[in-house]
Amino acid sequence: MPQAPSSQPTAALARMPTASVRVLVGFGAVLLVSLVVLHRRPARTVVGGGPAPDPAARFLSLSKGANATIAADLRALTAGPHLAGTTAAAGAAARVLSRLRAAGLRTLTREYNPLLSYPGRASLALLRADRTLLAQLSLGEPADVGRRLVRPYHAYAPSGGAVAEAVFVNLGREEDYLTLERLGVSVRGRIAVAIRGGGYRGGVVQRAAERGAAAVLIAGHADGGVERGTVILGGPGDPLTPGWAATGRAERLGFDHKAVKRRFPAIPSMPVSGKTASAIIRTLGGPALPAEWQTGVGLPVDIGSVGPGPTLVNLTYQGDRKMAMIQDIFAIIKGYEEPDRYVILGNHRDAWTYGAVDPNSGTSALLDIARRLGIMLQSGWTPRRTIILCSWDAEEFGMIGSTEWVEENLEDLHSKAVAYLNVDCAVQGVGLFAGSTPQLDNLLVNVTRQVKDPDVEGKTVHDTWKKMSGGINIERLARTDSDFAPFLHHAGIPCVDLYYGKVTEIWGLLALRLADDPVLPFDYQTYASQLQEHANAFSAMMKNSKSVNMMNRFVDDLSDAAMEVLKEAKDLDVSDGYSLMRRRLLNNRLLLAERSFLQPDGLQGRGWFKHLLYSPPEDYESKLSFFPGVADAISRSSSSSAKERRAAVWHEMWKISRAIQRAANVLRGEFSHRSESLNSSVSVAP
């Protein structure tokens, strides 16, 4: 009898090896079961039955008792100094770990062994012109009566010394050196004395070194103490493992390697008090202090000159660079639907001294978030996506703890990280100071509408934020002074950075929205609008709209793609398994779009920095807070011809335009579909 015709899929299976059939059938069964489970998953319930309350409302309801627990944690964390890599740091780490575990959260730790820097011997004296001692100058911290703190120093400053005339350089900015040039004063072979406030202290030292200075003293203001800090150059992370994690057995470059040498300043530097700086400036001759330089020095208007001499300054510094163990601590709340999607909250716990404001006010806030989330978990709540709470080590040395972790887990983070939410200081002052990547702007604004202002009765944080700032002002994160830097600049992960008087609720609500919203609350129309503003600002600054006009069409395409995504999200129906898969794919596109702004080989000459829109510029005083490759091209071509400069800038603008087009394509989830014809009037030079 003739056989009944078999279906094509059955015939195909029959031709396959038995093992392959078993694998394929098994995979199909798993997929089918997964879809059924997702489709039929019941609404989340609390212990005792009934629907679960709104996670945001539940989180806010747990504010009772928060002040007491935050205060207790802050007292414990700041009981003593806890500089990274020292034995004193163990107490703060143990406190964080025990509090996360007490919240009922799963914890992990990760250790790294980077190169850290500590002070050895140092001295500072004021000499007469004949080199006899005039005065021994203090290098101590005026507030450290009991000498419990690490002596004031600049981490990674090279050892060395100098006996030379001093020159006061005000804040040590480019404009200050131009003023000195007009006065006929040079710092070559001399010790530059600067007042803190001229931007990153490493940049202040670098500018002085480029002008031939022998050493640098950076003073706190007259009414303050001594500011410790790092002067490492070239970005965050362990200087011996640039681009990979400083694990115990990792490759480490030698100190003579060019990638390592350029991380350290060429001349020694030290922080001093305003009182010590004033003692030096009082003895200087030469031109009188410009009127605008009087502030911060603590001297009467008619006293003080810029130098050089006639007195001499004798400075010696011996540093101690050594490998040290640091420890990052994590608490993980696994998501029930998308466990492979990570919403990451982070704060560092190491401090130069006690760290009451920076960072442990933020650490205490992070621990209170952990407390609240732990209670919610015990009540039956589980986030849709995984939440990771991070306590970083060695941030003060250059975001080392966070950078090493990002470098070690880069590929995983590229495919799974939703956003990184950073806080250093939770009690810095009244008002909210926020920075973010643009697709998170609307989420941030909406969350501030939900939180009562702790300082103003009857007002929300949004109300006072808007009033104090004269409108909502959200900074773009093109700086490298906190732990968002490796996430954004190196990994292309959307970021938020917050400073606030009481930040726990804003921080926690942001995390809950990102972890629980069915569709990720990213708005790329805001991103397109911001890029348009950047392009217009650049056009006005350069007085050249040609390259900007070219970029506009790419920005328009990103805006169109963002509109399509918003419509798709609005029309999405998740009544069946197929629709759940569509939502997952939509979220993937929203998650990955930010990665489109990365340049795989990095910025020219600065390969670690990969974000074409918001990495920091090479020139610490650049007027551009966006488009870092363009800023670099402008600063590097200052001595080139106008034609060469235009070509360099044009090339960087094209890189940005291509990245914007990539982001639009990713949002659409398809290959580029727009054909373009070459304008016949365009001439191409050989």
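What you are looking at is a predicted structure, and each value in this text was computed from that prediction instead of being measured.

Rules of the game
- Residues numbered from 1 in each chain as written.
- Predicted model: local features only at pLDDT ≥ 70, side-chain atom pairs only at ≥ 80, totals over all residues.
- Heavy atoms only, no water.
- Phe/Tyr/Trp six-rings, centres within 6.5 Å; stacked < 30°, edge-to-face > 60°.
- Helix = DSSP H or I, 4+ residues; strand = E, 2+ residues; numbered from the N terminus.
- Lys NZ or Arg CZ within 6 Å of the ring centre and 35° of its normal.
- Buried < 20%, exposed > 50% of the residue type's maximum accessible area, 1.4 Å probe, protein only.
- Contact = heavy atoms within 4.5 Å.
- Arc of directions from axis to C-beta.
- Pairing = 2+ DSSP bridges.
- Axes fitted to C-alpha atoms, helices over the stretch in contact; angles between N-to-C directions.
- Core = buried A, V, L, I, M, F, W, Y, C linked by side-chain atoms within 4.5 Å.
- Polar contact = N/O pair within 3.5 Å; in protein donor to acceptor, adjacent residues only side chain to side chain.
- Parallel < 35°, antiparallel > 145°, perpendicular 65-115°, else oblique.
- Left-handed = near helix turned anticlockwise from the far one by under 90°.
- Nonpolar A, V, L, I, M, F, W, Y, C, P; charged D, E, K, R; others polar.
- Salt bridge = Lys/Arg side-chain N within 4 Å of Asp/Glu carboxyl O.

**Observations concerning the packing of aromatic side chains**
Piece 1. A complete count under the given rule lists 21 aromatic pairs for this structure.
Piece 2. Plain terms: the ring middles of Phe330 and Trp405 are 5.1 Å apart, the flat faces sit at 35 degrees to each other, and that makes the pair tilted. Pair noted here: Phe330 is in strand E11 (residues 326-333) and Trp405 is in helix H11 (residues 400-408), with a separation of 75 residues, a long-range link.
Piece 3. An aromatic cluster is defined as three or more aromatic residues linked by ring pairs; in this entry it consists of Tyr118, Tyr153, Tyr156, Phe255, Phe264, Trp352 and Phe397.
Piece 4. The lysine or arginine in question, Arg211, covers the ring of Tyr177, its NZ or CZ lying 4.5 Å from the ring centre.
Piece 5. Here Arg372 stacks its cationic end above the ring of Phe59, 4.8 Å away from the centre of that ring.

**Some words on the environment of Ala528**
Piece 1. Mapped onto the elements of the fold, Ala528 is located in helix H17 (residues 524-542).
Piece 2. The buried category is assigned to Ala528, whose relative accessible area is 3%.
Piece 3. Along the backbone, Ala528 and Val555 are 27 residues apart, and their C-alpha atoms lie at a distance of 5.8 Å.
Piece 4. Residues in contact with Ala528, not counting those within four places in the same chain, are Val555, Leu558 and Ser559.

**Considering unusual backbone geometry**
Piece 1. Residue Gly307 is joined to Pro308 through a cis peptide bond whose omega torsion reads 5 degrees.
Piece 2. With respect to the helices, strands and loops of the structure, Pro308 is situated in the loop between helix H9 (274-281) and strand E10 (312-323).
Piece 3. Put simply, Asp358 and Pro359 share a cis peptide bond, and its omega is 10 degrees.
Piece 4. In this structure, Pro359 sits in the loop between strand E12 (338-348) and helix H10 (360-378).
Piece 5. A positive phi angle, near 60 degrees, is found at Ala394, a position not held by glycine.
Piece 6. Judged by relative accessible area, Ala394 falls into the buried class, the value being 0%.

**Regarding helix H6 (residues 174-182)**
Piece 1. Of the positions making up H6, those classed as buried are Asp176, Tyr177, Thr179 and Leu180. With its buried residues spanning 155 degrees around the axis, H6 presents them on a single face. Relative to its buried face, H6 has exposed residues pointing more than 90 degrees away, namely Glu181 and Arg182.
Piece 2. Elements in contact with the buried residues of H6: strand E5 (160-168), strand E6 (191-195) and helix H7 (201-210).

**Description of the sheet that holds strand E1 (residues 106-112)**
Piece 1. Pairing is mixed across the open sheet formed by eight strands, whose spatial order is E1-E11-E13-E12-E14-E17-E15-E16. Of all strands in the sheet, those bounded by a partner on one side alone are E1 and strand E16 (474-475).
Piece 2. Pairing analysis gives seven bridges linking E1 to E11, with the strands arranged antiparallel. Of the residues in E11, the one forming a bridge with Thr109 is Ile329.
Piece 3. Those strands touched by helix H19 (residues 577-592) are E12, strand E13 (385-392) and strand E14 (417-423), and its axis lies near 35 degrees from that of E12.

**Here we look at the nonpolar core**
Piece 1. By size, the foremost hydrophobic cluster in this structure holds 184 residues, and its most contacted members are Ile344, Leu345, Phe397, Leu498 and Met653.
Piece 2. Considering every element that reaches this core, the biggest residue donor is helix H18 (residues 546-571), with nine residues.
Piece 3. Leu345 has contacts with Leu366, Ile369, Ile387, Ile388, Leu389, Cys390, Tyr420, Leu421, Trp507 and Ala511, leaving out every residue within four places of it along the chain.

**Notes on the side chain of His82**
Piece 1. Relative to the assigned elements, His82 resides in the loop between helix H4 (66-77) and helix H5 (89-102).
Piece 2. Here His82 falls in the buried class, since its relative accessible area comes to 2%.
Piece 3. At 3.4 Å, the side chain of His82 forms a polar contact with the backbone oxygen of Leu77.

**Overview of the sheet that holds E5**
Piece 1. Read across the sheet, seven strands follow the order E3-E2-E10-E5-E6-E7-E9 without closing on themselves; strand pairing throughout is mixed. This sheet does not close on itself; its edge strands, each paired only once, are strand E3 (133-136) and strand E9 (269-272). Each strand axis lies, on average, 35 degrees off the axis of its neighbour in the sheet, ignoring direction.
Piece 2. Where strand E2 (residues 115-127) and E3 come together, three bridges link them in antiparallel fashion. In the strand pairing of E3, Leu126 is matched with Ala135.

**A closer look at the pairing of E5**
Piece 1. Note: E5 against E10, six bridges, orientation antiparallel. In the sheet register, Gly160 faces E10, and the bridge partner there is Tyr317.
Piece 2. Relative to E6, E5 runs parallel, the two sharing three bridges. Note on E6: the bridge partner recorded for Val167 is Ala192.

**Here's the deal with the packing of H18 against H19**
Piece 1. It is the contact of H18 with H19, at a shortest axis distance of 11 Å, that shows an interaxial angle of 150 degrees. Considered as vectors, H18 and H19 are oriented roughly antiparallel to each other. Relative to H19, the crossing made by H18 is left-handed. For the pair formed by H18 and H19, the contact residues are Val565, Glu568 and Ala569 on the first element and Leu586, Arg589 and Leu590 on the second.
Piece 2. Considered class by class, the residues forming the contact of H18 with H19 number four nonpolar, no polar and two charged.

**Thoughts on the pattern of salt bridges**
Piece 1. According to the stated counting rule, one finds 34 salt bridges in the structure shown.
Piece 2. A salt bridge links Arg95 to Asp73, with the shortest nitrogen-to-oxygen separation between them at 2.7 Å. Residue Arg95 is located in helix H5, and its partner Asp73 is located in helix H4; the two are separated by 22 residues in the primary sequence.
Piece 3. Taken together, the salt bridges that share partners define one network made up of Glu338, Asp340, Arg341, Arg385 and Arg584.

Such coordinate-based values are descriptive only and should not be taken to indicate function.
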